[in-house]
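Overview (structure and organization)
Spelled out, the chains give:
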Amino acid sequence: HHRRHSGGVRPGAAGGRGPGGVWSRLCPHLCQKAGGENWERGVKMELCLAGMEDLDQVERMYRRIVADMEKKGLFIWNQYYPAEVLGEDIAQRRLYVCREGGAIWGAFALTEWEEGEGDIRWTIPGKALYLDRLGVEPARSGKGVGTQAVRQAMAQAEKRGAEVLRLFLAEGNEPAFRLYQKLGFCRASGIYEEKIDLGHTLRQSGWEIPLAAGIRE
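This is a predicted model, so every value here is computed, not measured.

Some points on the side chain of serine 205
- With respect to the helices, strands and loops of the structure, serine 205 is situated in strand 8 (residues 201–210).
- Serine 205 sits in the buried class, given a relative accessible area of 0%.
- One polar contact links serine 205 to tryptophan 207, side chain to side chain, over a distance of 2.9 Å.
- Setting aside anything within four residues of it in sequence, one finds serine 205 in contact with Leu167, Phe168, Leu169, Phe177, Arg187, Gly190 and Ile191.

In structure tokens:
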């Protein structure tokens, strides 16, 4: 399957509300409040490892994201990716969901490696994790969910021992560029060219940010 970079959706989108209290019963030990003192625009989410019971809802969210992207001329993901790899992400305990009550607003994966990582000249040393497949529900655009999801990815990566968080962004995804620049990510030199459907090549840049563990070193 194709990886298709972490920033495939418009940052700041979020999903609809659902019944409260559902997730706290499903994984009381894995949830944490997202954002803390950094809550923006009233966003109050919990971050949890996704379970197989979430797969259908998350797949449907990503398919809505793809449809929304295509309406805006962003042909980065498609009907197969990332929906078809989400089950593997859950099985490998690397997919996180951002939710309020029972509604999933966004999701992302944290991975140990990425195709194309050798094509980028990374400048921040230390153990790296990769932020991939960041997706937020289009129905809540502009609510600060994308910002909080990235911040939670940074915090979770640090808990997993990473000193730097990296990601890939496809050329032309200006909203994602602005989001990551605002959050302090720096662009590394080099381009990863991924050959995808119908001979199309997706050009992707690499971005990175040091985490607190690495800064303390």
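There's plenty left to go through after this.
Observations regarding the environment of threonine 201
- Here threonine 201 lies in strand 8.
- The exposure class of threonine 201 is partly exposed, given its relative accessible area of 27%.

Some points on the packing of helix 4 (residues 145–159) against helix 5 (residues 174–182)
- The N-to-C vectors of helix 4 and helix 5 enclose an angle of 55°; their axes lie 11 Å apart at closest approach. Relative to helix 5, the element helix 4 is oriented oblique. Judged by the sense of rotation from one axis to the other, the crossing of helix 4 with helix 5 is right-handed. Along the contact surface, helix 4 presents Gly146, Thr147 and Val150, while helix 5 presents Leu179, Tyr180 and Lys182.

So, the pairing of strand 8
- Most of strand 8 sits inside the fold, with 7 of its 10 residues counted as buried.
- As judged from the 7 bridges shared by strand 6 (residues 164–170) and strand 8, these two strands associate in the antiparallel manner. Counted as the bridge partner of leucine 167 is tryptophan 207 from strand 8.
- Bridge count for strand 7 (residues 186–195) against strand 8 is 7 bridges, and the pairing is antiparallel. Paired with tyrosine 192 across the strands is glutamine 204, a residue of strand 8.

Let's talk about the nonpolar core
- Among the nonpolar cores identified, the biggest contains 32 residues, and Phe108, Leu110, Leu131, Val150, Leu165, Tyr180 and Phe185 are the most heavily contacted of them.
- Those elements that provide at least two residues to this core are strand 2 (45–49), strand 3 (95–100), strand 4 (103–111), strand 5 (128–136), helix 4, strand 6, helix 5 and strand 8.
- The leading source of residues in this core is helix 4, at 6 residues.
- The contacts of phenylalanine 185, once residues within four sequence positions are left out, are Val150, Met154, Leu165, Leu167, Tyr180, Trp207, Glu208 and Ile209.
- Membership of the second largest hydrophobic core comes to 24 residues, among which are Cys48, Trp77, Tyr81 and Leu86.

Thoughts on the pattern of salt bridges
- Overall, the coordinates contain 12 salt bridges when judged by the stated rule.
- Salt-bridge contacts for arginine 94 lead to glutamate 88; the nearest nitrogen and oxygen are separated by 3.3 Å.
- Glutamate 208 is paired through a salt bridge with arginine 166; the nearest N and O atoms lie 3.6 Å apart. Placement of glutamate 208 in strand 8 and of arginine 166 in strand 6 is noted, with a sequence separation of 42 residues between them.
- Judged by relative accessible area, which is 11%, arginine 166 ranks as buried.
- One salt-bridge network, in which partners are shared between bridges, spans Glu88, Asp89, Arg94, Asp132 and Arg133.

Examining unusual backbone geometry
- The omega torsion across tyrosine 81 and proline 82 is 10°, close enough to zero to call that bond cis.
- As for its position among the elements, proline 82 is in the loop between helix 2 (55–71) and helix 3 (86–91).
- Backbone geometry places arginine 93, a non-glycine residue, at a positive phi of 55°.
- With respect to the helices, strands and loops of the structure, arginine 93 is situated in the loop between helix 3 and strand 3.
- Under the relative-accessibility criterion, arginine 93 is labelled exposed at 52%.
- The phi angle at arginine 133 is positive, at roughly 60°, despite the residue not being glycine.

What counts, and at which threshold
- Residues numbered from 1 in each chain as written.
- Predicted model: local features only at pLDDT ≥ 70, side-chain atom pairs only at ≥ 80, totals over all residues.
- Heavy atoms only, no water.
- Helix = DSSP H or I, 4+ residues; strand = E, 2+ residues; numbered from the N terminus.
- Buried < 20%, exposed > 50% of the residue type's maximum accessible area, 1.4 Å probe, protein only.
- Polar contact = N/O pair within 3.5 Å; in protein donor to acceptor, adjacent residues only side chain to side chain.
- Contact = heavy atoms within 4.5 Å.
- Axes fitted to C-alpha atoms, helices over the stretch in contact; angles between N-to-C directions.
- Parallel < 35°, antiparallel > 145°, perpendicular 65-115°, else oblique.
- Left-handed = near helix turned anticlockwise from the far one by under 90°.
- Pairing = 2+ DSSP bridges.
- Core = buried A, V, L, I, M, F, W, Y, C linked by side-chain atoms within 4.5 Å.
- Salt bridge = Lys/Arg side-chain N within 4 Å of Asp/Glu carboxyl O.

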